[in-house]
Amino acid sequence: MRTIIVTLLISLFGINLFAQSDRESLWLVRINGSYDFLVYQNDYDTKTKANEFSIEAGYKRFIKSNKGFYIEGDFNYYWSKGELPHNIIFYGDKVGPYQFTDKIKERGATLKILFGYDFRFFYHSSLELFTGFEARFSQYYSSGRSWNDDCLKKFYPRWQAGVGINYWRFNLNCTFSTDLCNRANKSRKKSGYSYRLNYLSVGLAYRFGL
């Protein structure tokens, strides 16, 4: 029995070493779906609803072919729909004890730089952990019109971390990302209103070589 266990462990170790030596830097195309679950404000918290979708293209580069460390750069185009307190954003105050929400649309582009490690288990499968920075360029719309610059920022940084599963050319990942600064501009911060969004995203990618 002991001989069988030792033989199995040696075999698994050998498979893992073989997999680690066979790494390929790849291009990728990914489709993401996201949902935000909390809005932070200076003096109170308000839950909001928002859904976001994006299409991105990037390149995953292993630092060494026999090591798991990699750098990934991505560019994506995204669009989202959600609800935010209309009167606070546009007028900078609360109207009595009540708020009314306004449906808004956001779209824009994102640049990402990610750092991660790929744990290869078998020849065609692996688990990856990653984290990194993203810069967003946004445009907001409400009731068919573009929002003024003094309402919300068009550029803001975010940070993300996540885990992914790779099988053959496919990748499935789950990512948590958060705003690093308030989205409301200074004129809105003075009224006690500012907010940040946290997103939980699921993405499906196909990786290919040229």
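Everything discussed here concerns the structure shown above.
Owing to the predicted nature of the structure, the values given are computational and were not obtained by experimental measurement.

### Description of unusual backbone geometry
A positive phi angle is found at tryptophan 168, which is not glycine, with a value near 55°. Within the fold, tryptophan 168 resides in the loop between strand 7 (155–167) and strand 8 (170–179).

### Section: the packing of aromatic side chains
Scanning the model with the defined rule gives nine aromatic pairs in all. Between the aromatic rings of tyrosine 77 and tryptophan 79, the centroid separation amounts to 6.0 Å while the plane-to-plane angle is 35°, which identifies the pairing as tilted. Given a relative accessible area of 40%, tyrosine 77 falls into the partly exposed group. When the ring of tyrosine 206 is compared with that of phenylalanine 208, the centres are 6.4 Å apart and the planes differ by 15°; the resulting orientation is stacked. Given a relative accessible area of 27%, phenylalanine 208 falls into the partly exposed group. Among the aromatic side chains, those forming a connected cluster through ring pairs are Trp168, Phe170, Tyr206 and Phe208. Positioned over the ring face of tyrosine 78 is arginine 136, at 4.1 Å from the centre of the ring. Of note, arginine 136 hangs over the ring of tyrosine 199, and the distance from its end group to the ring centre comes to 5.8 Å.

### Brief notes about the pairing of strand 7
With 10 bridges joining them, strand 7 and strand 8 adopt antiparallel strand pairing. Across the sheet, arginine 158 pairs through a bridge with aspartate 179, a residue of strand 8. As consecutive antiparallel partners, strand 7 and strand 8 are separated by two residues, and within that stretch tryptophan 168 has a phi angle of approximately 55°, a positive value.

### A short note on the side chain of glutamate 106
Structurally, glutamate 106 can be placed in strand 4 (residues 101–122). A distance of 2.7 Å separates the side chain of glutamate 106 from the side chain of tyrosine 156, its partner in a polar contact. Once residues lying within four places of it in the same chain are set aside, the contact partners of glutamate 106 are Tyr78, Trp79, Ser80, Arg136, Ser138, Gln139, Tyr140, Tyr156 and Arg183.

Basis of the calculations
- Residues numbered from 1 in each chain as written.
- Predicted model: local features only at pLDDT ≥ 70, side-chain atom pairs only at ≥ 80, totals over all residues.
- Heavy atoms only, no water.
- Helix = DSSP H or I, 4+ residues; strand = E, 2+ residues; numbered from the N terminus.
- Phe/Tyr/Trp six-rings, centres within 6.5 Å; stacked < 30°, edge-to-face > 60°.
- Buried < 20%, exposed > 50% of the residue type's maximum accessible area, 1.4 Å probe, protein only.
- Lys NZ or Arg CZ within 6 Å of the ring centre and 35° of its normal.
- Pairing = 2+ DSSP bridges.
- Polar contact = N/O pair within 3.5 Å; in protein donor to acceptor, adjacent residues only side chain to side chain.
- Contact = heavy atoms within 4.5 Å.

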